[in-house]
Amino acid sequence: MTDTLDAAAPPLPDVDRPNTQDGPPIRLYLVDGSGFIFRAFHALPPLTRKTDGLPVGAVSGFCNMIWKLLVDMKSQPDAPTHLAVVFDHSEKTFRNKLYDQYKAHRPPPPEDLVPQFPLVREATRAFGVPSLELPGYEADDIIAAYACKVRDMGGEVVIVSSDKDLMQLVGDRVFMLDTMKNVKIGIDQVAEKFGVTPDKVVDVQALCGDSVDNVPGAPGIGIKTASALINEYGDLDTLLARAGEIKQQKRRETLIEFADQIRLSRQLVQLDCDTPLPEPLDALVADDPNPEELQAFLEKMEFRTLARRVGDGKAGTNGAATAGADTPAGEAKAPARPQHKAIDVNGYVCVRDVPTLEAWIARAMDAGVVAFDTETDALSATSAGLCGVSLAVAPGEACYIPVGHCEAEGLQLDAPADLQQIPLDEVIARLKPMLEDPSVLKVAQNAKYDLAVLSRYGIDVGPIDDTMLISFTLEGGLRKSHGMDELSKTWLEHEPIAFKTVAGTGKAQKSFKHVGLSEATCYAAEDADVTLRLWEHLKPRLAHEHLSTVYERHERPMPQVLVGMELAGVKVDPDRLRQLSNDFSVRMGELEAEAHRLAGRPFNLGSPKQIGDILFKEMGLASGKTTATGAMSTDASLLEDLANQGHELPRVLLDWRQLSKLKGTYTDNLVAAIDPRTNRVHTSYGLAAATTGRLASSDPNLQNIPIRTEEGRKIRKCFIAEPGHVLISADYSQIELRLLAHIGDIPQLKKAFADGLDIHAMTASEMFGVPVEGMPAETRRRAKAINFGIVYGISAFGLANQLGISRDEAGAYIKTYFERFPGIRTYMDRMQQQVRSQAFVTTIFGRKVHIPAARGKSQAERAFADRAAINAPIQGAAADVMRRAMIRMPAALKDAGLKAKMLLQVHDELVFEAPEAEAEAVIAVARRIMERAAEPALQISVPLVVEARAAANWDDAH
DNA sequence: TCGACGCGC
DNA sequence: TGGGATGCGCGTCGAT
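Residues numbered from 1 in each chain as written. Chains lettered and ligands numbered in written order. Predicted model: local features only at pLDDT ≥ 70, side-chain atom pairs only at ≥ 80, totals over all residues. Heavy atoms only, no water.

Engineer: Could you give an account of the overall build of chain A, with specific residues and numbers?
Structural biologist: Regarding its fold elements, chain A presents 39 helices and 25 strands. Relative to its full complement of 958 residues, chain A shows a buried share of 52%. A separation threshold of at least 6 residues defines the contact pool for chain A, and within that pool the share at least 24 residues apart is 68%. For chain A, the accessible area works out to roughly 42300 Å², and carbon and sulfur atoms hold 51% of it. (Helix = DSSP H or I, 4+ residues; strand = E, 2+ residues; numbered from the N terminus. Buried < 20%, exposed > 50% of the residue type's maximum accessible area, 1.4 Å probe, protein only. Contact = heavy atoms within 4.5 Å. Areas by Shrake-Rupley, 256 points an atom, 1.4 Å probe, with all protein chains shown as cover.)

Engineer: An account of empty space enclosed by the protein is requested, with residue identities and associated values reported.
Structural biologist: Across all of its chains, the model carries three cavities of 30 Å³ or more by this definition. Looking at the largest cavity, its volume works out to about 80 Å³. Here the residues of the lining of the largest cavity are counted per class, giving five nonpolar, no polar and six charged. (1 Å grid on protein atoms, 1.4 Å probe; cavity = no way out; pocket = protein on both sides within 12 Å on 5 of 7 lines; lining within 4 Å. Points joined across faces, edges and corners; volume = space filled by probe spheres on them. Nonpolar A, V, L, I, M, F, W, Y, C, P; charged D, E, K, R; others polar.)

Engineer: Mind laying out the protein's contact with DNA strand B, listing which residues take part and the relevant values?
Structural biologist: With respect to spatial proximity, 20 residues lie near DNA strand B, and among them Thr627, Thr629, Arg694, Ile707 and Asp908 are the closest. Here a phosphate oxygen of DNA strand B sits 2.6 Å away from a polar atom, N or O, in the main chain of isoleucine 707. One of the side-chain nitrogen or oxygen atoms of aspartate 908 is found 2.7 Å away from a sugar or linking oxygen of DNA strand B. Among the elements that line the surface near DNA strand B, the one with the most residues is helix H28 (residues 648–672), at three residues. (Near = heavy atom within 4 Å. Polar contact = N/O pair within 3.5 Å; in protein donor to acceptor, adjacent residues only side chain to side chain.)

Engineer: So what about the packing of helix H1 (residues 33–43) against helix H4 (residues 116–126)? Which residues, and what values?
Structural biologist: One way to put it is that H1 packs onto H4 with a least axis distance of 11 Å and a crossing angle of 115 degrees. The element H1 and its partner H4 pack so that their crossing is right-handed. On H4, the residues touching Ile37, Phe38 and Phe41 of H1 are Gln116, Phe117 and Val120. Across the contact of H1 with H4, the residue classes tally to five nonpolar, one polar and no charged. (Axes fitted to C-alpha atoms, helices over the stretch in contact; angles between N-to-C directions. Left-handed = near helix turned anticlockwise from the far one by under 90°.)

Engineer: So, the sheet that holds strand S24 (residues 909–915): which residues are in play, and what are the values?
Structural biologist: Spatial ordering of the open sheet is given by S23-S24-S20-S25, a layout of four strands whose pairing is antiparallel. Looking at the sheet topology across the chains shown, the edges are occupied by strand S23 (901–905) and strand S25 (946–951). The mean angle between the axes of side-by-side strands here comes to 25 degrees, regardless of whether they run parallel or antiparallel. Its contacts with the sheet place helix H38 (residues 919–931) against strand S20 (725–732), S24 and S25, and it is angled at close to 20 degrees to S20. (Pairing = 2+ DSSP bridges.)

Engineer: Lay out the protein's contact with DNA strand C in plain terms, naming residues and giving numbers.
Structural biologist: The full set close to DNA strand C counts 32 residues, and Asn669, Asp699, Tyr792, Ser795 and Gln802 are the nearest of them. When atoms of DNA strand C within 4 Å of the protein are sorted by moiety, sugar and phosphate together comprise 62%. Between alanine 689 and DNA strand C, the recorded distance is 3.4 Å, taken from a backbone N or O atom to a phosphate oxygen. A distance of 3.1 Å is found between a sugar or linking oxygen of DNA strand C and a side-chain nitrogen or oxygen belonging to arginine 867. Within the residue set of the surface near DNA strand C, elements represented by two or more residues are H28, strand S18 (696–698), helix H34 (796–803) and helix H37 (859–895). Ranked by residue count, the leading element in the surface near DNA strand C is H37, at six residues. For the surface near DNA strand C, a count of residues per class yields eight nonpolar, 19 polar and five charged.

Engineer: Can you explain the packing of helix H33 (residues 777–792) against H37? Please cite residues and give values.
Structural biologist: Relative to each other, H33 and H37 sit at 105 degrees, their axes nearing to 7 Å. Taken together, H33 and H37 sit at an angle that is classed as roughly perpendicular. Of the residues in H37, those touching H33 at Ile790, Val791 and Tyr792 are Arg867, Ile870, Asn871 and Ile874. Residue classes in the contact of H33 with H37 are distributed as five nonpolar, one polar and one charged. (Parallel < 35°, antiparallel > 145°, perpendicular 65-115°, else oblique.)

Engineer: Lay out the sheet that holds strand S6 (residues 183–185) in plain terms, naming residues and giving numbers.
Structural biologist: What the six strands build is an open sheet, ordered S3-S2-S1-S4-S5-S6; its pairing is mixed. Edge strands, defined here as strands with exactly one partner in the open sheet, are strand S3 (131–132) and S6. Direction of pairing for strand S5 (residues 174–178) relative to S6: antiparallel, over a ladder of three bridges. Across the sheet, methionine 176 pairs through a bridge with isoleucine 185, a residue of S6. Running at roughly 50 degrees to strand S1 (residues 27–32), H1 makes contact with S1, strand S2 (82–86) and S5 of the sheet.

Engineer: Tell me about helix H32 (residues 759–768), and please be specific about residues and values.
Structural biologist: Note: α-helices contain 3.6 residues per turn, so residues at a spacing of three or four share the same orientation. Where burial is concerned, most of H32 is hidden: seven out of the ten residues are buried. Buried residues of H32: Ile759, His760, Ala761, Met762, Thr763, Ala764 and Met767, and no others. Those residues of H32 that are buried are in contact with helix H30 (735–743), helix H31 (747–754), H33 and helix H35 (807–820). The N-capping residue of H32, defined by a side-chain oxygen 3.1 Å from the backbone nitrogen of histidine 760, is aspartate 758. Just downstream of H32 lies glycine 769, where phi reads positive at about 65 degrees.

Engineer: Before we move on, can you summarise the nonpolar core with the specific residues and values?
Structural biologist: Membership of the largest hydrophobic core comes to 154 residues, with the highest contact counts inside it found for Leu615, Tyr732, Ile824, Met886, Met889, Phe912 and Met930. Looking at which element gives the most residues to this core, the answer is H37, with 14 residues. Those residues in contact with methionine 930 that sit more than four places away from it in its chain are Ala730, Asp731, Tyr732, Met882, Ala885, Met889, Leu910 and Val946. Leu134, Val157, Leu207 and Ala226 belong to the second-largest nonpolar core, a separate cluster that totals 48 residues. (Core = buried A, V, L, I, M, F, W, Y, C linked by side-chain atoms within 4.5 Å.)

Engineer: Now, about the packing of aromatic side chains: what can you tell me, with residues and values included?
Structural biologist: Where two aromatic rings form a pair, the distance of their centres and the angle of their planes describe that pair. By the definition in use, this model includes ten aromatic pairs. Where phenylalanine 512 meets tyrosine 523, the ring centres are 5.6 Å apart and the plane angle is 50 degrees; that geometry is what we call tilted. With a gap of eleven residues between them, phenylalanine 512 in the loop between helix H21 (499–503) and helix H22 (517–544) and tyrosine 523 in helix H22 connect regions that are remote in the sequence. Grouping aromatic residues by their ring pairs yields a cluster made of Tyr400, Phe499, Phe512 and Tyr523. (Phe/Tyr/Trp six-rings, centres within 6.5 Å; stacked < 30°, edge-to-face > 60°.)

Engineer: Before we move on, could you go through unusual backbone geometry and cite the residues and values that matter?
Structural biologist: With an omega dihedral of -10 degrees, the bond running from glycine 462 to proline 463 counts as a cis peptide bond. Along the chain, the position of proline 463 falls in the loop between helix H18 (447–455) and strand S13 (464–466). In this model, aspartate 699 is joined to proline 700 through a cis peptide bond whose omega is -5 degrees. Tracing the chain through its elements places proline 700 in the loop between S18 and helix H29 (710–716). The backbone of glutamate 302 sits at a positive phi, close to 65 degrees, despite the residue not being glycine. Mapped onto the elements, glutamate 302 comes out in the loop between helix H12 (291–301) and helix H13 (304–312). For histidine 907, which is not glycine, the phi torsion reads 70 degrees and is therefore positive. Counting through the fold element by element, histidine 907 comes out in the loop between S23 and S24.

Engineer: So, the pattern of salt bridges: which residues are in play, and what are the values?
Structural biologist: Here the structure, examined in full by the defined rule, presents 57 salt bridges. Note that lysine 539 is salt-bridged to aspartate 465, the shortest N-O span being 2.8 Å. Pair noted here: lysine 539 is in helix H22 and aspartate 465 is in strand S13, with a separation of 74 residues, a long-range link. Residue class for aspartate 465 comes out buried when judged on its relative accessible area of 0%. The salt bridge partner of lysine 571 is glutamate 722, with a shortest N-O separation of 3.9 Å. In this pair, lysine 571 sits in strand S14 (residues 571–572) while glutamate 722 sits in the loop between strand S19 (719–720) and S20, placing the two residues 151 residues apart along the sequence. Residue class for glutamate 722 comes out partly exposed when judged on its relative accessible area of 25%. (Salt bridge = Lys/Arg side-chain N within 4 Å of Asp/Glu carboxyl O.)

Engineer: Which residues make up the state of the cysteines, and what are the values?
Structural biologist: Taken as a whole and judged by the stated rule, the model has one disulfide. The partner cysteine of cysteine 148 in its disulfide is cysteine 273, sulfur to sulfur 1.9 Å. On the criterion of sequence distance, the pair formed by cysteine 148 in helix H5 (residues 139–152) and cysteine 273 in the loop between helix H11 (259–269) and H12 is long-range, its members being 125 residues apart. Between cysteine 399, a free cysteine, and cysteine 350, which holds the nearest cysteine sulfur, the sulfur-to-sulfur gap is 8.9 Å. (Disulfide = S-S within 2.5 Å.)

Engineer: Could you give me a rundown of the confidence of the model for chain A, with the residues and numbers involved?
Structural biologist: For chain A, per-residue confidence averages 86 on the pLDDT scale, and residues scoring 70 or more make up 92% of the total. In the model, residues 1–23 has pLDDT below 50 throughout and makes 47 contacts with residues more than four positions away in sequence or in other chains. Here residues 314–345 scores under 50 on pLDDT; set against residues more than four positions off or in separate chains, the count is 53 contacts. (pLDDT = per-residue confidence, 0-100.)

Engineer: Describe the layout of surface pockets, listing the residues and the values that go with them.
Structural biologist: Space inside the second largest pocket adds up to approximately 1700 Å³. Lining the second largest pocket are 47 residues, and of these Ile707, Arg708, Phe788, Asp908 and His958 lie nearest its centre. Contributing elements (two or more residues each) for the lining of the second largest pocket: H28, H29, S20, H30, H32, H33, H37 and S25. No other element matches the five residues that H33 contributes to the lining of the second largest pocket. Here the residues of the lining of the second largest pocket are counted per class, giving 20 nonpolar, 13 polar and 14 charged. Here the lining of the second largest pocket spans two domains, and each of domain 3 (689–739 + 865–958) and domain 4 (740–864) adds at least three residues to it. (Domains from an automatic or database assignment.)

Below, the structure is given as structure tokens:
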């Protein structure tokens, strides 16, 4: 419950504070108590009262939410003036008289939830909030009655619930608030869900029915058909009266045959605004709780954090912390219990004998879906050793299976810790069939890591779902990270135990294998538990938000592919790299001495600040520009200008910087990154890093190896193949411009690509009216800069900078460009409009790229969003094409009988290693797969062309 | 921990 | 009006 709304939720329309004739404005908050307790129970981690084990998780979530509402009442402009919590009273209601099967399929509530029902009512009273219920009626009807009354009086109503059955009540002055997701639901959100305005929601529900409540509806009609029909005919009665006019035979017959059942369904879903009010409205006036009574209740429940906040009277400013504070995470900070006794911690189980392990595996097989997580003794997935595996088979039901925990050397314990574990081989052998069973879905957060670890122990995990990738597919661009901690805080309002808490921090940080089994179980089992809950929450959204295909085709297969590449690694020549490093050092020393001589004093060449002082203060050179923070800029373009004016020092600094960069970033670190076991370098690819869908490479980054300068290429030459093998580089030629031609439908560009012309020369020819033959190199260079600039949404200023021409001249170029290629202007305008109205754009493959800056306050932010919106569909489509090629590549190579391996990806390039004799065959396979990668999803209207070459090192293959 | 810088596509 | 004025990453270094 953070203060700010989810960025995805549009702000509420400004509604003037309503006035009633005879009193202050009314803003009534109605909390759907029954709905809340079910959702809180399933969404929040299990929490029990310490003294007697009474389950109180849902009560805790409920108390935090109520407290937040009460705190907001004092400060927020849209705080409640009236407040009540509404509960269902009994199983049987008037609806059962209409239809005896209503809600007949409901399973009994979970065992752990039952004792919490009376506690939530008690909590409500302790907070001084009226608790309403009425025999024979559902909570929804009571909510409807109050909502209608207040609305008709001119007041405002906020229904705290996410129950879709309440959405029919939404209107100009009636909203819903989902406090667990921090989303407000207004008319637009209802329309998005049901495809009709709220007043037509019952008609749609009557048609499609509801399997949860056992409302029959019309067979074979879903929400889409229902809303289409209602929108066409206006309302349900008209539709049923004119059902004979419907063209589709099946649909017509269904509506006629089931007309009565549909009318009954409408009666079942229609909420009754005439439900008698259990209390007069005046009785719901919001008021402060009685402090003693509230404290007594909270202490009885052992909600210490909330009790303290209530005592301070200043709680609620950070709702997320409030919600998490009474969870097991807080308990973990308590003094450690004796390790050898703690087997069952917070309901999580530490598995240390084979029968227990078999029982958990059986439960996973039985459930058909299991969340899992691996714990390791280091960070690198390609080298870390396994410490243990955790499994979650249902929310709150998780275990940790330690396999590699041991005592730290030199660490004396008072009593020997009990570290008895099932042997590693035994655990692997027993887990393997379940983890590889095609009928059991394995859910992981960042599955690539766990797949890489387990694959080194001979387990080929599958099928998998990845909560990180699901989140990335749904919300790429909305949040910086899709890490588990952040997702848990957002969606489960729960802060998992931090790794630091169990392993320590900084110098004292210990490897996970030295963490005691009790603490390790708390941490590891919780991760699997949280992963399962996140999956339950996020996975259904893919379908609802039309992102299932993107996830299934472009995300879900990637971890497997990348594991293959990361584990393969790439060979580098350490001797040659060390020699380069030495050469660079020697020359840097010479340049440093020269720089000190020219400056007249020693200084640190690596410090932009000191360089600024020397150049602009001591030597009096004209400082051209400043950086974002106002410091004097000393970047390469500026030093280049000064050098061209005839100054000596800037040239020396530029040369030194180049060598310093190469040595510091590349030579030394690449040698250090060689894994001694494989003698190769294993990068890690980030899948949820770039919002456009591009991969990112890190530890080390192999996507920014130098290529432009002669010195830099010396480093690239150090990437080599094994003896008897070659490296093969295959890269898409001009893929972004080709996709722009397709997406923007630019005839001249499409024709040029179809004819295989030099695209930059063609652009120059179109723009400047000169023939391609005999064109000056400078003319082509300018056209090339414009082509690239267009892809990035460049301005006249930027282009002028890039080309070293005047701003007016650059402006004229851009003007000419748009005149020659009007389709590009249209494309850019379209993206700008789209991002400003929706705050996201999509690629031709359906990938959604959120650009929240489009809703930014400053013009600069929105201008930035415009440029990102122009670039994202192009860069993103290229990334999508590349992903499709990569996903198909391993099988294509294998089917062709080739031993070649895909090693690296650099956005538009793939690097393979193959036996020399395979080179030609690999090139043929790579080109075929890459050039046809968009198919069959899309037919790109320009050819995608791949250039490929084999050589002994990466530079020569390029 | 942050900003400046620079490497890649 | 006028400031700001090419997209997406990662890693290093110095300054704090």
